[in-house]
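What follows is the residue order along each chain.
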Amino acid sequence: NGLLTKITTMRSKFAVKSVGTKSIKTIWIKPMITTFSDHIVISYPLKRSCKAIGDTKSTLITIVLQVNHFTAQVAEDALRIGLLVRGGATIGKLYHTPRAIFGKALNDAYYIESKVSNFPRVVLSPEITSQLTKSDIEGLGLLSDDYGWYHFDYFKQLAKMGSISADGIAVDRAAWAEQVKRIVNDNLTKFDNQIKGLASKNLTKLEEQVRSAKQAEDLAKAKAKWAWFG
């Protein structure tokens, strides 16, 4: 219920405005956010964003920081009910309104989410990272894998959200960390037992084994995700 409420309150139309003088100004930017099925789509019109912020690199850095924060917000609530979050981020053509969404960018982001991310992470496409320098990437705290793909390090932000109050922050974080550890271990045990149960059952019936092979594969993938997150 908390997760659905948070996702609902996150929905918004794109808006950007600048407040202040030429020398000192604050940029306020809000993305277009919609949901369908179990997906959340966040988009920023780059030209309009760049016009307000000033240049492409600064705009990308601002957007990456903001999306990282959004991801942590959703992931924190999802984790409490035993769900993991993954996704893909890219630059491309997109038509995005509260009622409809389509375009190459959506297809590319979905491909990254389903084929590249694999684990609970949000991977950035080369269209984004190629426009950032090494120091930009380090400053943003992006993590890389063995294949050169970069993903958000939303885990630190997520851990900060484990703090309930300003008093006793260390205690709050320790309690939250124990809760996360229990959730991860419970899921690893659950999928382990299900895989073993399926294997035992399938050995007795070849027909059952063939029919359940895809299910066993899906369970193994799910277990791998929790192991990676743990």
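The structure presented is a predicted model; accordingly, all values stated were derived computationally and were not measured. (Residues numbered from 1 in each chain as written. Predicted model: local features only at pLDDT ≥ 70, side-chain atom pairs only at ≥ 80, totals over all residues. Heavy atoms only, no water.)

Caption draft 1: Summary view of helix α2 (residues 46-53). Of all the residues in α2, the buried ones are Ser-49, Cys-50, Ala-52 and Ile-53. Buried residues of α2, seen end-on, are gathered within an arc of 165° and therefore sit on one face of the element. Structural note: α2 exposes Lys-47 and Lys-51 on the side pointing more than 90 degrees away from its buried face. Downstream of α2 by a residue or two, Gly-54 has a phi angle that is positive, lying close to 125°. (Buried < 20%, exposed > 50% of the residue type's maximum accessible area, 1.4 Å probe, protein only. Helix = DSSP H or I, 4+ residues; strand = E, 2+ residues; numbered from the N terminus. Arc of directions from axis to C-beta.)

Caption draft 2: Main features of the layout of surface pockets. Counted as a void, the second largest pocket has a volume near 170 Å³. Sort the elements by how many residues they give to the lining of the second largest pocket and helix α9 (residues 206-229) lands first, with 3 residues. For the lining of the second largest pocket, the class distribution of residues is 2 nonpolar, 2 polar and 3 charged. (1 Å grid on protein atoms, 1.4 Å probe; cavity = no way out; pocket = protein on both sides within 12 Å on 5 of 7 lines; lining within 4 Å. Points joined across faces, edges and corners; volume = space filled by probe spheres on them. Nonpolar A, V, L, I, M, F, W, Y, C, P; charged D, E, K, R; others polar.)

Caption draft 3: Quick peek at the pattern of salt bridges. One pass over the structure, following the stated rule, counts 9 salt bridges. Between Lys-104 and Asp-108 there is a salt bridge, with its nearest N and O atoms 2.7 Å apart. Separated by 4 residues within a single helix, Lys-104 and Asp-108 lie in helix α4 (residues 104-117), roughly one turn from each other. The exposure class of Asp-108 is partly exposed, given its relative accessible area of 25%. Linking Glu-178 and Lys-181 is a salt bridge whose minimum nitrogen-to-oxygen distance equals 3.4 Å. (Salt bridge = Lys/Arg side-chain N within 4 Å of Asp/Glu carboxyl O.)

Caption draft 4: Representation of the sheet that holds strand β8 (residues 122-124). Pairing within the open sheet is mixed, and its 4 strands lie in the order β5-β8-β10-β9. Of all the strands in the sheet, the pair left with one neighbour each is β5 (87-89) and β9 (143-144). When β9 meets strand β10 (residues 150-151), the two strands line up antiparallel, connected through 2 bridges. Opposite Ser-144, over in β10, you have Tyr-150 as the bridge partner. (Pairing = 2+ DSSP bridges.)

Caption draft 5: Inspection of the packing of α2 against helix α3 (residues 56-80) at higher detail. α3 packs onto α2 with a crossing angle of 105° between their chain directions and a minimal axis gap of 9 Å. Looking at the two axes, α2 sits roughly perpendicular to α3. Of the residues in α3, those in contact with Leu-46, Ser-49, Cys-50 and Ile-53 of α2 are Thr-56, Ser-58, Thr-59, Leu-60, Thr-62 and Ile-63. (Axes fitted to C-alpha atoms, helices over the stretch in contact; angles between N-to-C directions. Parallel < 35°, antiparallel > 145°, perpendicular 65-115°, else oblique. Contact = heavy atoms within 4.5 Å.)

Caption draft 6: Highlighting the pairing of strand β4 (residues 39-43). Pairing between strand β3 (residues 32-36) and β4: 5 bridges, direction antiparallel. Paired with Thr-35 across the bridge in β4 is Ile-40. Here β3 folds back onto β4 in antiparallel fashion, the turn holding 2 residues, of which Ser-37 has a positive phi close to 50°.

Take it as geometry only, folks, not as evidence of what the structure does.
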